[in-house]
Every structure is written in C-alpha cells, then in structure tokens.
Amino acid sequence: MARPGSGLLVPVNGLGYPPQNLARVVVWEWLNEHGRWRPYTAAVCHHIENVLKGDARGSVVLGQVDGQLSPYIIDLQSMHQFRQDTGTMRPVQRNFYEPSSAPGKGVVWEWENDNGSWTPYDMEICVTIQNAYEKQHPWLDLTSLGFCYLIDFNSMSQTNRQSQRKRRLRRRMDLAYPLIMGSIPKSQSWPVGASSGQPCSCQQCILVNSTRAASNAILASQRRKLYGGTVGNPGAPGSLTVVRQSNTFAGTSLWSPTSASSGTNNNNISVGGGQAKAEQVQLPLSTANFPCSPVMPSLSSAHGHHALTINGQNNLNRPGTQRISMPTARGAIPPGVPALPVKNLTGSGPVHPALAGMTGILMCAAGLPVCLTRAPKPILHPPPINKSDMKPVPGINGMRRKTKKKHLRRGKNPEDVVRRYTEKIKVVPDEDCTICMERLVMSSGYEGVLQHKGIKPELVGKLGKCGHMYHLLCLVAMYNNGNKDGSLQCPTCKTIYGEKTGTQPPGKMEYHVIPHCLPGYPDSKSIRIVYDIPAGIQTNEHPNPGKKFSARGFPRHCYLPDNEKGRKVLKLLIMAWDRRLIFTIGTSSTTGESDTVVWNEIHHKTEFGSNLTGHGYPDPNYLDNVLTELSAQGVGEDNLKD
C-alpha cells in the first residue's frame with residue numbers, strides 16, 4: 001500500500017524520472033550490505049544533480065562536496081558507486097518524493113547509535129516519521145515498515161519492541177533536497193571528447209574514465225556468474241555463444257575484431273589492441289572477462305541451444321562487434337596476461353587489493369587485458385565428520401536442549417512486577433521521568449492512557465539495584481509494551497531485574513566437540529553448535545499473532561574453540577537458549593524478509609575455516625564481545641555461580 005510521501009521510482013536507462021511537468025524532490029541513495037537504501041546528504045544530492053545536468057552519463061567525484069567521501073566516485077551510466085582504494089562497488093538509485101515531504105523541507109530524523117553519534121533514518125522511514133509528527137501523533141509504530149520499533153514523540157525516543165532497548169532520536173533542519181520539474185534530457189553518448197575527437201587528458205578525467213571501464217568490467221563478471229550452460233562449437237546442442245560489443249576510446253577500438261578458434265581441450269580467444277599483432281590467449285570461461293566492454297546479458301533457449309547475448313550499454317550502434325565461441329574445457333591463463341584482482345577480500349594475493357584495483361582499472365583504460373579474479377568463497381563447514389568423532393563438551397551435561405511450547409512463560413500481573421522491584425519515594429526530587437519526560441513531581445504522562453488499580457499517576461518508585469526513579473505508571477506502561485515475562489529492565493542503565501526471557505520460537509540446540517581446530521586456535525579442538533527451528537505460527541508475544549513465520553537457513557551451524565573461555569561461552573549460550581534469547585521473529589537485515597526467524601543481538605560465528613563475511617575466525621576479540629552481549633541480555637558469568 002502506498003504511503004504519503006513514499007518514493008516513486010521509474011527506471012529509464014538506469015535513471016528514474018518523474019512524469020512531465022510534475023515537481024519532485026530528488027534523493028540519491030546507495031545500497032548497503034544489509035540491503036537497505038541509504039540516502040546521501042542533501043549537499044551531495046545537489047552536487048550529483050549538477051553533474052547530471054551537464055552529462056547524464058558522466059561520473060561524479062563525491063569528494064568535491066564532502067571530504068569524508070573522497071574515495072568514492074559514482075558512474076551515472078552504470079548507476080554504481082565505486083570506491084577507489086578498495087575497488088568496492090555498490091548500486092545507487094535516484095528516488096523521488098513529494099515536495100511537501102521531509103526531504104523537500106530539509107527535515108532530517110536521526111537516532112543515536114552506540115558511539116553517541118547520530119545516524120539518519122532511511123529516507124522512506126524519515127518521511128513516515130515526519131508525516132506522523134506533523135499530524136501530532138503521540139507515537140508511531142514502525143512494524144508496518146518491517147521494523148520492530150516504537151517511536152515516542154513525547155520522549156523523543158525509539159524503543160525496540162523485542163529487547164525494550166531505548167535510544168534517543170532527534171529532528172533537525174538541514175539543506176532541502178534538490179527540486180526538479182519534468183523529465184531528464186536525453187543523455188549524450190560516452191565518451192565525449194573535444195571537437196578534434198580527443199578526450200581530455202587531465203588526471204581527473206583519466207581516473208574517471210578508467211573507473212567507468214573498471215565498473216563495467218566488474219559488472220560483466222558478476223552477471224556472468226548468474227548464467228550457466230555447456231560451451232562448445234557454435235550451433236552444437238547445448239552450446240553457449242557469447243556476443244559482445246567492443247568499447248571505444250577517442251574513436252579507436254581498444255579491441256580489434258577477431259575470430260575465435262575452437263579446439264578440444266583449449267579455450268583459445270584471439271585478442272589484440274590497436275594495430276598490434278593479434279595474440280593467442282587461453283582464458284577459462286569463468287575468467288574470460290572483457291574489462292572494457294560493459295555488458296547486459298539476456299539468456300534465451302530454444303531447441304537445446306543457449307544463446308547468451310551481451311550488449312554494451314555505452315556502445316550501441318558502434319563498430320567492432322565480434323562473436324566469440326568458447327569450448328567446454330577450462331584453459332590456463334598464460335604468464336603474459338596479468339592476473340590482478342580488482343577486489344581480493346582476503347588480501348592474500350601478491351598485490352594489495354587497493355593497488356590491484358587501481359592498477360587494474362588503469363590497465364583496462366589503456367586497452368591491456370586484465371584478469372578479474374573471483375572472490376574466494378567462505379569456508380562454512382569443517383571436513384566431513386563421523387558421528388563417532390562427535391564427543392560431549394567437557395564439563396557440560398548432555399548434547400542437546402529443546403524448547404517446546406509448554407516451556408513458554410505466561411505473562412504476570414504488571415502491578416506485581418513493578419512493585420517487586422521498586423520502592424515508593426516519599427520525597428520526590430524535581431527531575432524528569434525519562435520514560436514520559438514529565439517532571440517526577442507532576443503526574444505521569446500516561447495518565448488517562450493507562451488505568452491500573454492501586455497505581456496512581458503521581459506515585460514515584462525507585463528501582464532497587466540502580467536507584468533510578470520513575471513514575472510507577474510509566475514502569476507499568478513499559479512492562480506492558482514488552483515481553484511481559486516477569487522481568488524489568490531499567491531504561492536508563494539497562495540493569496535487568498528478574499530473569500529476562502525472549503520470544504524465541506520452539507526448536508532444538510545441539511552441541512558437541514569435533515576433531516578440527518579453528519583459525520587462530522591451533523592447539524584446541526572445536527565446539528560445534530547446531531540450531532534448528534522449524535517454521536510455524538506466531539503467538540501473542542510475536543509481532544503478528546496468527547500469521548505464519550518462516551525459518552530460513554536452518555539448521556544453522558556455529559563454532560567456538562574448545563578451551564576454557566569457549567566452554568564458558570557455551571554454558572551461557574545454553575542458558576540464553578533456555579531463556580529464549582538467541583532468536584526472535586522479526587525482519588531479516590540481510591534479505592529484508594519480514595515475519596522470519598532472526599538473530600537476537602547475540603552474535604555467532606557461522607564460518608568455520610575463514611572470516612570473509614566477518615562471521616568467522618580468526619577474531620581474537622569475539623569471545624569477550626559475545627560475553628558482553630550475553631551480559632546485556634541478563635545472562636552473565638555470575639549466573640554460572642548460581
């Protein structure tokens with residue numbers, strides 16, 4: 001369902017534009033690693049729009065307007081952001097909003113992160129928050145947008161409905177985003193040189209032009225992974241035929257038209273640059289990338305034939321089209337072809353990733369062949385293990401825990417819970433209640449909203465351990481908005497009173513020792529944890545009671561070193577499992593899917609033999625970090641003594 005002020009995106013040649021004679025506010029956004037579109041600042045968007053007016057297929061150097069973005073360049077033709085020092089590429093988009101929405105007024109909504117700095121919301125959320133704020137709603141539930149948060153405009157705070165963690169939020173005024181009318185003018189062909197046909201030779205233009213070539217090459221490599229097929233002679237059953245457009249620079253083809261010879265055991269592709277003699281180069285299909293040729297593949301099949309047509313976006317109707325056929329067998333790359341990775345995630349290659357990336361794009365711009373290496377795949381699992389090799393973890397009874405519906409805790413009376421952990425204050429200090437933001441000497445802000453017998457709006461209580469004071473009615477409201485498990489958490493210092501439990505669905509947890517060591521722990525065996533939760537129906541404690549929830553990626557395998565600290569972490573993880581704190585039901589930050597089982601702020605290591613995604617080893621700080629996260633959930637080392 002469309003929301004007021006929601007973005008309208010109409011893709012045309014990689015760029016969206018609004019209908020004719022319709023005013024719209026333009027917001028440029030980039031896609032982060034969690035699949036969320038993050039907005040650039042208004043100043044950056046003005047800069048991008050100014051460049052777009054001059055050359056709709058040009059490149060934008062973001063460092064010219066924001067020093068913190070100096071490594072980044074946006075290629076308007078491929079609609080990608082390129083980081084020069086690492087070679088990382090991210091998609092960008094041009095989104096549109098109503099002039100009366102938050103970006104049109106220069107309103108920015110931000111939340112306070114763990115470092116004490118302020119992070120802006122996604123633009124779609126920002127627009128929604130501003131709409132509710134202008135309508136003077138006291139609060140806003142973001143569940144409909146896929147986020148389990150409650151925005152309280154009275155206290156200017158954001159509360160996680162699952163963990164009850166509260167963060168401050170703020171509204172500030174900034175530069176309004178650019179306003180446009182009508183459609184975008186047709187873009188010119190690239191590259192655009194002077195009247196003599198020669199391109200500009202300044203360092204900035206060379207860098208920008210080579211960046212575009214590299215970005216197109218990387219896109220070609222990534223898209224090629226999506227398509228499979230048997231390669232062989234053209235016209236043979238199951239053969240794979242590649243048609244590509246050559247790129248040009250200053251009117252001269254960087255790749256001269258050549259023919260490919262096919263053999264039984266070789267992948268021979270004739271390539272040449274300029275007027276130089278053609279050279280026979282053997283390339284495997286997975287690395288036969290043509291860096292100076294941006295591609296957009298389309299796959300069709302008929303009568304057992306698979307034709308893969310690759311058209312250059314920048315080079316339509318240009319000379320130099322060539323057809324290349326590649327036989328089945330993988331060939332070796334000869335020493336004459338440089339193997340410089342544009343992005344090497346492990347940094348284990350002979351060349352530093354940043355240097356390799358810059359060298360690769362400059363070689364590409366000069367017409368030299370560059371081999372784009374595949375990023376190494378993470379090692380998620382250990383070698384195969386016999387069941388007899390799986391041993392119990394020393395010092396821990398059993399090898400399995402289950403959570404069934406009969407284990408789920410029932411709610412307790414809110415007034416009894418609040419009274420259990422607080423004591424009444426006779427002399428009330430003249431300070432704010434950080435829940436309702438009213439003075440403690442005044443009545444609670446929830447007066448008239450909540451009514452509970454024995455809890456008057458003016459009563460104030462002090463929490464026993466930390467000593468922070470609140471209206472008792474405010475504590476009741478906070479408890480009712482949480483898991484109602486008989487525990488209470490101070491919203492100021494996060495001290496937990498009672499035993500905190502979560503909303504984890506039923507499932508099972510297994511753990512055992514395997515005879516393999518983790519990177520960074522050569523002298524220890526490993527503990528493997530296997531979580532398995534099936535899909536089911538949400539209950540009253542979940543975001544959407546009665547609705548089905550999915551369980552993707554189960555069983556999930558996690559790993560710990562089999563040493564003293566690793567076994568301590570396992571004991572606390574078992575305790576957290578019993579309290580249903582490991583998982584919850586919400587929106588996946590990876591896929592964006594809602595109503596699915598997700599991790600609940602306790603990080604696990606799911607890579608066994610690598611650390612390419614940040615969820616593996618070696619990580620010398622992981623055990624200490626996860627102990628801190630468990631303690632924040634009320635599962636601390638003092639529980640082991642009990």
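What comes next concerns the included structure. Here the structure is a predicted model, which is why all the values come from computation and not from measurement.

This paragraph deals with the packing of aromatic side chains. For the coordinates displayed, the defined rule picks out 12 aromatic pairs. Pairing Trp109 with Phe153 gives two aromatic rings, centres 5.8 Å apart and planes at 70°, and the pair type is edge-to-face. Remark: Phe153 occurs in the loop between β12 (149–152) and β13 (157–160) and Trp109 occurs in strand β9 (residues 107–112); sequence separation between them is 44 residues. Here Trp109 matches Phe153 in class, with each residue buried. Ring centres 5.4 Å apart and planes at 65° place the aromatic pair Phe554 and Phe583 in the edge-to-face group. Linking Phe554 in the loop between β33 (548–549) and β34 (556–561) with Phe583 in strand β35 (residues 583–586), this pair joins segments that are 29 residues apart in sequence. A single burial state applies to Phe554 and to Phe583, both of which are buried. The ring of Tyr497 carries the charged tip of Lys465 above its face, separated from the ring centre by 5.6 Å. The ring of Phe554 carries Arg556 above its face, with NZ or CZ at 4.3 Å from the centroid.

The next point concerns the packing of helix α8 (residues 564–578) against helix α9 (residues 622–632). For the pair α8 and α9, interaxial distance at closest approach is 10 Å and the crossing angle is 25°. Regarding the angle of α8 to α9, the classification is roughly parallel. Of the two possible hands of crossing, α8 and α9 adopt the one that is left-handed. Every residue of α9 that contacts α8 at Lys565, Gly566, Lys568, Val569, Leu572, Leu573 and Ala576 is listed here: Leu623, Asp624, Val626, Leu627 and Leu630. Among the residues forming the contact of α8 with α9, the class breakdown is eight nonpolar, one polar and three charged.

With that out of the way, let us pick up the environment of His512. With respect to the secondary-structure elements, His512 resides in strand β30 (residues 507–514). C-alpha of His512 to C-alpha of Pro392: the two residues are 120 residues apart in sequence and 5.0 Å apart in space.

A separate point is α9. Of all the positions in α9, only Tyr622, Leu623, Val626, Leu627, Glu629 and Leu630 are classed as buried. Relative to the axis of α9, the buried residues are bounded by an arc of 160° and lie together on one face. Positive backbone phi, at 85°, marks Gly634, one or two positions downstream of α9.

This part is about α8. Spanning 15 residues, α8 covers 22 Å between terminal C-alpha atoms, matching the ideal 21 Å at 1.5 Å per step. All of the buried residues along α8 are Gly566, Val569, Leu570, Leu572, Leu573, Ile574, Met575, Ala576 and Trp577. Among the residues of α8, the N-terminal cap falls to Asn563, whose side-chain oxygen and the backbone nitrogen of Lys565 are separated by 3.3 Å. Among the residues trailing α8, Arg580 stands out with phi positive, at a value near 65°.

All chains considered together, the criterion is met by zero disulfides. You can see Cys474 has no disulfide; the closest cysteine sulfur is in Cys436, sitting 3.6 Å from it.

What follows concerns the pattern of salt bridges. Applying the stated rule across the entire model yields 27 salt bridges. For the salt bridge of Asp562 with Arg567, the shortest nitrogen-to-oxygen distance reads 2.8 Å. Overall, the relative accessible area of 14% leaves Asp562 in the buried class. The closest approach of N and O atoms between Asp624 and Lys565, which form a salt bridge, is 2.7 Å. Separated by 59 residues along the polypeptide, Asp624 in helix α9 and Lys565 in helix α8 bring together distant segments of the chain. Residue classification places Asp624 among the partly exposed residues on the basis of a relative accessible area of 37%. Taken together, the shared-partner salt bridges in this structure form one network comprising Glu110, Arg170, Arg172 and Asp174.

Reading guide: rules and limits
- Residues numbered from 1 in each chain as written.
- Predicted model: local features only at pLDDT ≥ 70, side-chain atom pairs only at ≥ 80, totals over all residues.
- Heavy atoms only, no water.
- Phe/Tyr/Trp six-rings, centres within 6.5 Å; stacked < 30°, edge-to-face > 60°.
- Helix = DSSP H or I, 4+ residues; strand = E, 2+ residues; numbered from the N terminus.
- Buried < 20%, exposed > 50% of the residue type's maximum accessible area, 1.4 Å probe, protein only.
- Lys NZ or Arg CZ within 6 Å of the ring centre and 35° of its normal.
- Axes fitted to C-alpha atoms, helices over the stretch in contact; angles between N-to-C directions.
- Parallel < 35°, antiparallel > 145°, perpendicular 65-115°, else oblique.
- Left-handed = near helix turned anticlockwise from the far one by under 90°.
- Contact = heavy atoms within 4.5 Å.
- Nonpolar A, V, L, I, M, F, W, Y, C, P; charged D, E, K, R; others polar.
- Arc of directions from axis to C-beta.
- Expected span 1.5 Å × (residues − 1).
- Polar contact = N/O pair within 3.5 Å; in protein donor to acceptor, adjacent residues only side chain to side chain.
- Disulfide = S-S within 2.5 Å.
- Salt bridge = Lys/Arg side-chain N within 4 Å of Asp/Glu carboxyl O.

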